[in-house]
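Letter by letter, the chains look like this.
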Amino acid sequence: MTPRPDKTFYLTTPIYYVNDAPHIGHAYTTVAGDVLTRWHRQKGEPVWFLTGTDEHGQKVLRSAQAHGVTPQEWVDRLVETSWKPNWRALNIANDDFIRTTEVRHTERVQRFLQSLKDAGHIYKGKYEGCYCVGCEEFKLSGDLIGRGEERLCPVHGTPVEMVNEVNWFFRLSNFVESILKHYRENPDSLQPESARNEVISFLESDVTDLSISRSTFDWGITVPWDTDQVFYVWFDALLNYATAVGLGDDPTSEGGKKFAQTWPPDVHLVGKDILRFHAVIWPGMLLAAGLPLPRKVFAHGWLLVGGEKMSKSKLTGIAPSEITDHFGVDAFRYYFLRAIPFGSDGSFSWEDMHARYTSELANDFGNLASRLWAMIEKYCGGVLPVVAHDPGLQAALHEAVTEADSAICALDFQSGIMAVMEFCKRVNGYVTEEEPWILAKSLSNKVHLEAVLYNTAEALRALAVLFNSVMPATCEILWQSLGANESIGALADQKIEDVHKWGQLPAGSRVTKSAVLFPRLDVIA
Ligand code: MSP
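Everything numeric here is computed off the predicted structure, so don't read it as measured data. (Residues numbered from 1 in each chain as written. Predicted model: local features only at pLDDT ≥ 70, side-chain atom pairs only at ≥ 80, totals over all residues. Heavy atoms only, no water.)

(A) Quick peek at the sheet that holds strand 8 (residues 210–211). Read across the open sheet, the 4 strands follow the order 5-4-6-8; overall the sheet is antiparallel. A strand with exactly one partner marks an edge of an open sheet, and here the two such strands are strand 5 (137–139) and strand 8. In this sheet, strand 6 (residues 161–170) lies alongside strand 4 (residues 122–132) in antiparallel orientation, the contact comprising 10 bridges. Note that in strand 6 the partner of Cys130 across the bridge is Met162. (Pairing = 2+ DSSP bridges. Helix = DSSP H or I, 4+ residues; strand = E, 2+ residues; numbered from the N terminus.)

(B) Summary view of the site of the ligand. Around the ligand, the surrounding shell holds 25 residues, and the nearest of these are Ile15, Thr29, Asp54, Asp273 and Leu303. At a separation of 2.8 Å, a nitrogen atom of the ligand approaches a polar backbone atom of Leu303. Among the secondary structure elements, those contributing two or more residues to the shell around the ligand are strand 1 (9–17), helix 1 (24–42), helix 7 (233–238) and helix 8 (240–243). Tallied by class, the residues present in the shell around the ligand amount to 13 nonpolar, 9 polar and 3 charged. (Near = heavy atom within 4 Å. Polar contact = N/O pair within 3.5 Å; in protein donor to acceptor, adjacent residues only side chain to side chain. Nonpolar A, V, L, I, M, F, W, Y, C, P; charged D, E, K, R; others polar.)

(C) Broad picture of the nonpolar core. In this structure, Phe336, Phe365 and Phe467 are the most contacted members of the largest nonpolar core, which totals 112 residues. Here the element with the most residues in this core is helix 17 (residues 446–467); it accounts for 14 residues. Sequence-distant contacts of Phe365, defined by excluding residues within four places in its chain, comprise Glu360, Met421, Cys424, Leu460, Leu463, Phe467, Met471, Thr474, Leu478 and Phe518. Tyr10, Ile98, Val199 and Ile281 belong to the second-largest nonpolar core, a separate cluster that totals 65 residues. (Core = buried A, V, L, I, M, F, W, Y, C linked by side-chain atoms within 4.5 Å. Buried < 20%, exposed > 50% of the residue type's maximum accessible area, 1.4 Å probe, protein only. Contact = heavy atoms within 4.5 Å.)

(D) The pattern of salt bridges, seen in detail. Under the definition given, this model contains 26 salt bridges. Ionic pairing is found between Glu55 and Arg99, a salt bridge with its closest N-O pair at 2.6 Å. Taken together, the positions of Glu55 in the loop between strand 2 (47–54) and helix 2 (58–66) and Arg99 in strand 3 (residues 96–99) put the pair 44 residues apart, joining distant regions of the chain. Across the pair, Arg99 and Glu55 agree in class, each one buried. The partner of Asp345 in a salt bridge is Lys272, and the shortest N-O contact between them spans 2.9 Å. Here Asp345 is found in the loop between helix 12 (329–339) and strand 16 (346–347), whereas its partner Lys272 is found in the loop between strand 12 (267–271) and helix 10 (275–289), with 73 residues between them in sequence. One network of salt bridges, with partners in common, ties together Arg338, Asp352, Arg356 and Glu360. (Salt bridge = Lys/Arg side-chain N within 4 Å of Asp/Glu carboxyl O.)

(E) Spatial organisation of the pairing of strand 2. For strand 2, the buried fraction is high: 8 of the 8 residues fall into the buried class. Strand direction decides the pairing type here: strand 1 and strand 2, joined by 7 bridges, are parallel. Each bridged residue has a counterpart across the sheet, and for Leu11 the counterpart in strand 2 is Phe49. For the segment spanning strand 1, helix 1 and strand 2, crossover handedness is right-handed. Sheet analysis places strand 2 next to strand 3, joined by 4 bridges and oriented parallel. The residue bridging Thr53 from the neighbouring strand is Arg99, located in strand 3. (Right-handed = clockwise from strand over helix to strand, strands pointing away.)

(F) The arrangement of the packing of helix 15 (residues 413–434) against helix 17 in detail. Contact geometry for helix 15 and helix 17: axes closest at 11 Å, N-to-C directions at 165 degrees. By the angle class used here, helix 15 and helix 17 are roughly antiparallel. The hand of the helix 15/helix 17 crossing is left-handed. Where helix 15 approaches helix 17, its residues Ile417, Val420, Met421, Phe423, Cys424, Val427, Tyr430, Val431 and Glu434 are matched on the opposing element by His448, Ala451, Val452, Asn455, Thr456, Ala459, Leu463, Leu466 and Phe467. Split into classes, the residues belonging to the contact of helix 15 with helix 17 amount to 14 nonpolar, 3 polar and 1 charged. (Axes fitted to C-alpha atoms, helices over the stretch in contact; angles between N-to-C directions. Parallel < 35°, antiparallel > 145°, perpendicular 65-115°, else oblique. Left-handed = near helix turned anticlockwise from the far one by under 90°.)

In short, shape yes, function no, at least from these values alone.
Here it is as structure tokens:
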């Protein structure tokens, strides 16, 4: 994606329902967003990374009731004791965290929707149909499964509820042609291709207007012109992407300036479960308001358990800590993006994670660093020898950076990580072929030996920069161990475009042995 001069790279995750604590499905999207934004920061772009929580609606209300507390108490408790701490634990560097119960959100939502009403895009009507509280979605009867009288939501497998009420409607159908035109002219704006095809065929079928308010409960944002109703939770939720950056504020105010700098977002990262909301309803709302559409919506696949989407309601949700307690945070961040093509479904398995941890992280990456520390200590007294070059390694690095950059910017995390891992393997091969432990046996090989050690250290310097977005804590340890902080500067300040420049670590740097980057699992367990 081409950067926009003077604009911020603005990425969002879905805002998650706080009916319960996060599981690894939520963490998957959030980590992906964190990796992509860290990468763009290292490309030297200004970045804004937003995540948050979706706190209104019946799903959250019912959880609060089931726990005998008010919905506000419930969401406050869960956000502070579970959602935010989970993201901190996973080293998520979001710039903002929006909660839909915040005044900065509710006021802007009301203002925005009043303006749609004033412009004639909203009308009063009668809604009669099915609703799944688990999805917080109005369902068409063709969407449902089940035998006889019992009509079930295909996602949750639970009975849908009948809704029969007078409420407010948004004239979504008026915007269908413009949305279709947008996707046909900008195929990049909706990815992967399977998601785009699904949305296009949905848009080509019969898209009806959307009920956007509810009158039977009050846990939501009040409709300003009809205070007996609250907005439909999705209409409130989608707007978070804009309210968080100052939607509708005076252009000279702080919010107005932020909006001008960020809008439209570069990437909305979502799971495929919520594709239609983002690819049909959301652009309809923006077109009605005359706002530019997001540059890209990317719908990734599901983490599956037993062939079905992992979910708390089906009791298949795994808490991130269950995995990080065993494998560590960086291995968690690495594993899902490495193992599953972004856009496809994938099953989580302890065996596969164990195997990749051992072969890729511990053996290929961690062991390379351990070998270097030991050899620099033994053969050079812990001090980096004179700057050397190796055209083969340099060319391999150049290729890895180019491939990783184009793959990661296209949200193909798997290929990006594999390109860097290939380089890591190449460096291991270099050490094995050069046999520094044999060279060390004769003083006449001193220059050669030192060159091999310097080149290995330089390669590790590059690996720390290239893996930093995926495994920031580990790469920081590696960076410190190379003395690079003192000689080159902070790891986060290293630019992707400069990684390939060989010879950055100065001779004489002190290399210190650190704790093993990826300890053996039988040691952790
Ligand atoms: N609140 C809405 C989103 C509103 S955005 C304006 C919502 N919340 S959710 O808590 O259900 O989170 C859904 C998102 O969490 C998915 O789109 C996906 O990003 C992530 N995942 C939840 N379960 C997942 C899997 N089993 N696998 C992969 N991602 C999953 O929908």
